[in-house]
Amino acid sequence: MAEHWKGAPVAQALTERLIVKANQLKVQGIVPTLAIVRVGERPEDLSYERGALKRCEKVGIRVKQFTLTKEASHGDLMEVIQQINVDREIHGCLLFRPLPAHMDEDAICAALDPAKDVDGITAGSLASVFTGSGAGYPPCTAQACMEILEHYGCDLTGKRAVVVGRSLVVGRPLAMLLLRKNATVTVCHTRTADLPAECRRAEVLIAAAGVANMIGRDHLTPGQLVLDVGINVDQDGNLVGDVDFTAADEIAGAVTPVPGGVGAVTTSVLAAHVLQAAEQIG
Ligand code: NDP
């Protein structure tokens, strides 16, 4: 049976360190503050928002919520972003995406002050993930995978890592973060010729495709470390990952569960980025 790498202990260890840091900032007269911007009421956004509020409260981060209806205009949202940019009390901004189709998402992301981009949505943040300059913040989910690997003592140097998925939110930035830790990285996608074979070669396999249970026995080899980023609803209405958990449990060396794996660490990473931004912006 594989080890179950749960997210909760990782989140807890991170949170304990963050509480100390938040208190130090407060002594300096800085109240770390996150703006959460949501357009509409998608259940997954509401669920993540509840998690973020809880985590911020635990750490000691103040949250200002900006909620727009899904009928709000592009201009309305742009005004909110500009308001956040000039508000000296706000250190970081979480914007739920995708935005409604009538809004120009690229323009909205580009308008956010990069110094407050704690979820890696601006081109500047992604560039810094690419160059490793340390100037911006990687997307929280990609960083959460790295926190899990570090917490459970995985030394990535020289390891073959395979990432399934090449989105700008998860797959691509994650590949860069893995590379920075000296893994040998392969990124797979829908045009990959033989996905099972690529996956089987991995020592560290990270699934971020958004397809329920697509990583099965054919993709797995004994001893692999398997991180499951996917959050999907199966035919029976259950929340499942991209990895067939039963198969991974039998074959792999370790696997993150869904729910309770990568997703449980993301809000702690968000909180960590807010504190970093508060330290820098002051
Ligand atoms: P996207 O839909 O933006 O990207 C999916 C990627 O997976 C694409 O690159 C796509 O390839 C690839 N892909 C899809 N199907 C296959 C397949 N059958 N074989 C190989 N590659 C495939 O999704 P996201 O990156 O935004 O999210 C991925 C998953 O992670 C989702 O389940 C999402 O819910 C979850 N997620 C979880 C978070 C968390 O905190 N745990 C946070 C964010 C996302 P191509 O480029 O060729 O189309």
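Trainee: Would you mind showing me how to read the overall build of the protein chain here?
Mentor: Per the secondary structure count, the protein chain includes ten helices and eleven strands. At 19 Å, the protein chain has a C-alpha radius of gyration in line with the 19 Å of a compact globule built from 282 residues. Referenced to the eigenvectors of the C-alpha coordinate spread, the extents of the protein chain come out at roughly 50 × 45 × 35 Å. Burial analysis of the protein chain (282 residues in total) assigns 50% to the buried set. Counting only contacts in the protein chain whose residues sit at least 6 apart along the sequence, the fraction spanning at least 24 positions is 72%. When the accessible area of the protein chain is evaluated, it comes to approximately 13,100 Å², of which 52% is carbon and sulfur surface.

Trainee: Quick question: what am I supposed to make of the site of the ligand here?
Mentor: Neighbouring residues of the ligand: 20 residues in total, closest Thr141, Arg166, Ser167, Thr190 and Ile231. In the environment of the ligand, an oxygen atom lies 2.7 Å from a nitrogen or oxygen atom belonging to the side chain of arginine 166. In the model, an oxygen atom of the ligand is placed 3.1 Å from a nitrogen or oxygen of the threonine 266 side chain. Here the ligand loses 68% of its free accessible area of 930 Å² to cover by the protein chains.

Conventions we followed
- Residues numbered from 1 in each chain as written.
- Predicted model: local features only at pLDDT ≥ 70, side-chain atom pairs only at ≥ 80, totals over all residues.
- Heavy atoms only, no water.
- Helix = DSSP H or I, 4+ residues; strand = E, 2+ residues; numbered from the N terminus.
- Rg over C-alpha atoms; globule rule 2.2 N^0.38 Å.
- Buried < 20%, exposed > 50% of the residue type's maximum accessible area, 1.4 Å probe, protein only.
- Contact = heavy atoms within 4.5 Å.
- Areas by Shrake-Rupley, 256 points an atom, 1.4 Å probe, with all protein chains shown as cover.
- Near = heavy atom within 4 Å.
- Polar contact = N/O pair within 3.5 Å; in protein donor to acceptor, adjacent residues only side chain to side chain.

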